[in-house]
Amino acid sequence: MKVVFHLDLDEEKILRIALTNMENLRAAKPGARINLLVNGPAVKFFRKNGEDEFLERIKNLIQAEVTVFVCQNALRAFDIPETDLCPGCETVPAGVVALIKLQQQGCAYIKP
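About the thresholds
Residues numbered from 1 in each chain as written. Predicted model: local features only at pLDDT ≥ 70, side-chain atom pairs only at ≥ 80, totals over all residues. Heavy atoms only, no water. Core = buried A, V, L, I, M, F, W, Y, C linked by side-chain atoms within 4.5 Å. Buried < 20%, exposed > 50% of the residue type's maximum accessible area, 1.4 Å probe, protein only. Helix = DSSP H or I, 4+ residues; strand = E, 2+ residues; numbered from the N terminus. Contact = heavy atoms within 4.5 Å. Salt bridge = Lys/Arg side-chain N within 4 Å of Asp/Glu carboxyl O. Expected span 1.5 Å × (residues − 1). Arc of directions from axis to C-beta. Phe/Tyr/Trp six-rings, centres within 6.5 Å; stacked < 30°, edge-to-face > 60°.

Caption draft 1: Structural view of the nonpolar core. In terms of nonpolar packing, the biggest core is built from 32 residues, with Met22, Phe46 and Val68 touching the most fellow members. Looking at this core, the elements with two or more residues in it are β1 (2–7), α1 (12–28), β2 (33–38), α2 (52–63), β3 (67–71) and α3 (72–77). Ranked by the residues each element gives to this core, the list is headed by α1, at 6 residues. Not counting residues up to four positions away in its chain, the partners in contact with valine 68 are Leu36, Val38, Phe46, Ile62, Cys89 and Glu90.

Caption draft 2: Seen up close, the pattern of salt bridges. Applying the stated criterion across every chain yields a total of 5 salt bridges. Measuring nitrogen to oxygen at the nearest pair gives 2.5 Å for the salt bridge that ties lysine 111 to aspartate 8. Of this pair, lysine 111 sits in the segment after β5 (108–110) while aspartate 8 sits in the loop between β1 and α1, and the two are 103 residues apart along the sequence. By relative accessible area, which is 22% here, aspartate 8 ends up partly exposed. When the shortest N-O distance is used, the salt bridge between lysine 44 and aspartate 10 registers 3.5 Å. Here aspartate 10 lies in the loop between β1 and α1 and lysine 44 lies in the loop between β2 and α2, a separation of 34 residues in the sequence. Take lysine 44: its relative accessible area is 30%, and that puts it in the partly exposed class. Residue aspartate 10 is classed as partly exposed on the basis of its relative accessible area, which comes to 38%.

Caption draft 3: Spotlight on the side chain of histidine 6. Here histidine 6 is to be found in strand β1. Judged by its relative accessible area of 7%, histidine 6 is buried.

Caption draft 4: Examining α1 more closely. Along its 17 residues, α1 runs 24 Å from first to last C-alpha, staying within 8% of the 24 Å computed at 1.5 Å per residue. What α1 keeps buried is the set Ile14, Leu15, Ala18, Leu19, Met22, Leu25 and Arg26. Mapping the buried residues of α1 onto a view down its axis gives an arc of 135°, with all of them on the same face. Seen from the buried face of α1, the exposed residues on the opposite side, beyond 90 degrees, are Lys13, Ala27 and Ala28. Next to the buried residues of α1 lie β1, β2 and α2.

Caption draft 5: Region of the structure containing the packing of aromatic side chains. Per the stated rule, a full pass over the model turns up 1 aromatic pair. Arranged with centres 5.8 Å apart and planes meeting at 65°, the rings of phenylalanine 45 and phenylalanine 54 form a pair that is edge-to-face. Just as phenylalanine 45 is buried, phenylalanine 54 falls in that class too.

See the structure below:
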């Protein structure tokens, strides 16, 4: 099972839903390959000095082998240096291109 969750809005309730969905999927299907693609204003949530509630959950998901891809275009647009990202996040040049590639690799697309 392969899946990509897509976050692009900076709305806390959507982030909360996405994190819960990924945690529940990891618990139900421990072998699932879970990816999270973050672009647009949602990149603001993935700074290492972000809100503790979200940051801790993001770190736990990364430790549980969830791959978090963050769009470099969005980071530039919101003036966030890559060095400010939560440890374990991977950057991609263009989030939409990475999203297409993940879907072409057979990932189910989930947009919370």
